[in-house]
Amino acid sequence: MGRGKIEIKRIENPTNRQVTYSKRRNGIFKKAQELTVLCDAKVSLIMFSNTGKFHEFISPTTTTKTMFDQYQNTLGIDLWSTHYERMQEHLRKLREINNKLRRDIRQRMGEDLNDASFDELRGLEERMDSALELVRERKYHVLKTQTDTRRKKVRNLEERHGDLLLEYEAKCEDLQYGLVDNEGDYESTITLANGASNLYAFRLHHGHPTANGGGYESQELRLA
């Protein structure tokens, strides 16, 4: 069975369309290379896919510029002069825009106003008022942003300061509780270190005979 005839129309599926383009592009490039070798021809192919991707084939014996020059000489046209004219026109428009902007800058600085008409001066005044309003809005926005940033930093520092104070108070309470639990041992140690200065010494005093020789006085304990 022979191959079926393919209807020549746009392939709707993007994936199939890209695959077909790649295969047929490689086939065309292969044919161009065979034509170059077999017939000693100069072949130049330039292709762009639907996505804008560039592909080119040029015979090894020539260059793209040489092919364009030979094409122009054969047809008697000058592609470069047309391109040069377009570039000159584009350059002229850019110079006009540049001169207009420079003149507008000088007028905004109070210069080059002698030849300006009343309408031009009125328009310049309106433009300067609008520009001044934009500058003020931008300045206020910058100030507000900087102020909000500083306030956030101050608030973060205050929160950090409060956390440090709470941590410090907690450590002080833990230290105080430790001293109270060991207070008895601490005082005993201090007492012995001071030579038992706060201990009481007791002395036993013996009785003495009475004046009439009838006996002894009772004994008593006294604090030394």
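You'll find the protein entered in an unreviewed UniProt entry as HbMADS-box protein, with Hevea brasiliensis given as the organism. We quote the UniProt Subcellular location (unreviewed entry) comment for the protein here in full: "Nucleus".

Some points on the overall build of the protein
Helices and strands together make up the secondary structure of the protein, namely 5 helices and 4 strands. Of all 224 residues assigned to the protein, the portion counted as buried reaches 9%. Per element, the accessible surface of the protein, about 20300 Å² overall, is 56% carbon and sulfur.

Observations regarding the layout of surface pockets
Volume-wise, the largest pocket comes out at about 260 Å³. Around the largest pocket sit 10 residues that line it, and I8, K9, I11, T20 and R24 are the ones nearest its centre. A class-by-class count of the residues in the lining of the largest pocket yields 3 nonpolar, 1 polar and 6 charged.

Some thoughts on the environment of R103
Mapped onto the elements, R103 comes out in helix α3 (residues 79–108). Owing to a relative accessible area of 31%, R103 belongs among the partly exposed residues under this scheme. Taking C-alpha positions, R103 is 9.7 Å from L113, a pair spaced 10 residues apart along the chain. The contact partners of R103, leaving out residues within four places of it in the chain, are D112 and E120.

Details of the pattern of salt bridges
Taken as a whole and judged by the stated rule, the model has 10 salt bridges. Between R92 and E96 there is a salt bridge whose closest N-O contact spans 2.6 Å. Taken as a pair, R92 and E96 lie in helix α3 at a separation of 4 residues, close to a single helical turn. Among the residues examined, R92 registers a relative accessible area of 38% and is labelled partly exposed. Given a relative accessible area of 46%, E96 falls into the partly exposed group.

Structural notes on unusual backbone geometry
Of note in this structure, D40 is not a glycine but carries a positive phi near 55°. Inspection of the secondary structure assignment puts D40 in the loop between α1 (14–39) and β1 (44–48).

With respect to the packing of aromatic side chains
Scanning the entire structure with this criterion turns up 2 aromatic pairs. Ring geometry for F48 against F54: centres 5.2 Å apart, planes inclined by 50°, an arrangement best described as tilted. Judged by relative accessible area, F48 falls into the exposed class, the value being 56%.

Details of a nonpolar patch on the surface
A surface patch of nonpolar side chains, about 870 Å² in accessible area, is lined by I46, F48, F54, F68, Y71, L75, I77, L79 and W80. Residue assignment for the nonpolar patch shows that the elements contributing at least two residues are β1, α2 (64–75) and α3. A total of 3 residues in the nonpolar patch trace back to one element, the largest contributor, which is α2.

Considering α3
Helix length check: α3, at 30 residues, gives a terminal C-alpha distance of 44 Å against a target of 44 Å (1.5 Å per residue), a fit within 8%. G110 sits one or two positions beyond α3 and adopts a positive phi of about 85°.

Details of the nonpolar core
Soluble, globular proteins show a tendency: their nonpolar side chains are buried together. Core analysis: the biggest nonpolar cluster contains 6 residues, these being Y21, F29, A32, V43, M47 and F57. Tallying contributions element by element places α1 first for this core, with 3 residues. Once you skip the residues sitting within four places of it in the chain, V43 turns out to touch A32, L35, T36, F57, I58, S59 and M67.

Side note on the pairing of strand β2 (residues 54–58)
The side chains of a regular strand alternate, first on one face of the sheet and then on the other. Alternating positions in β2 separate cleanly, H55 and F57 being buried on one face and F54, E56 and I58 remaining unburied on the opposite face. Bridging between β1 and β2 involves 5 bridges; their strand directions are antiparallel. The residue bridging I46 from the neighbouring strand is E56, located in β2. Turn length for the β1-β2 hairpin, with the two strands adjacent in sequence and antiparallel, is 5 residues, and the turn residue G52 shows positive phi of about 90°.

Procedures and definitions
- Residues numbered from 1 in each chain as written.
- Predicted model: local features only at pLDDT ≥ 70, side-chain atom pairs only at ≥ 80, totals over all residues.
- Heavy atoms only, no water.
- UniProt positions renumbered as here; feature names shortened; annotations may be inferred.
- Helix = DSSP H or I, 4+ residues; strand = E, 2+ residues; numbered from the N terminus.
- Buried < 20%, exposed > 50% of the residue type's maximum accessible area, 1.4 Å probe, protein only.
- Areas by Shrake-Rupley, 256 points an atom, 1.4 Å probe, with all protein chains shown as cover.
- 1 Å grid on protein atoms, 1.4 Å probe; cavity = no way out; pocket = protein on both sides within 12 Å on 5 of 7 lines; lining within 4 Å.
- Points joined across faces, edges and corners; volume = space filled by probe spheres on them.
- Nonpolar A, V, L, I, M, F, W, Y, C, P; charged D, E, K, R; others polar.
- Contact = heavy atoms within 4.5 Å.
- Salt bridge = Lys/Arg side-chain N within 4 Å of Asp/Glu carboxyl O.
- Phe/Tyr/Trp six-rings, centres within 6.5 Å; stacked < 30°, edge-to-face > 60°.
- Patch = residues over 30% accessible without salt bridge, like charges linked within 9 Å, V, L, I, M, F, W, Y side chains within 5 Å.
- Expected span 1.5 Å × (residues − 1).
- Core = buried A, V, L, I, M, F, W, Y, C linked by side-chain atoms within 4.5 Å.
- Pairing = 2+ DSSP bridges.

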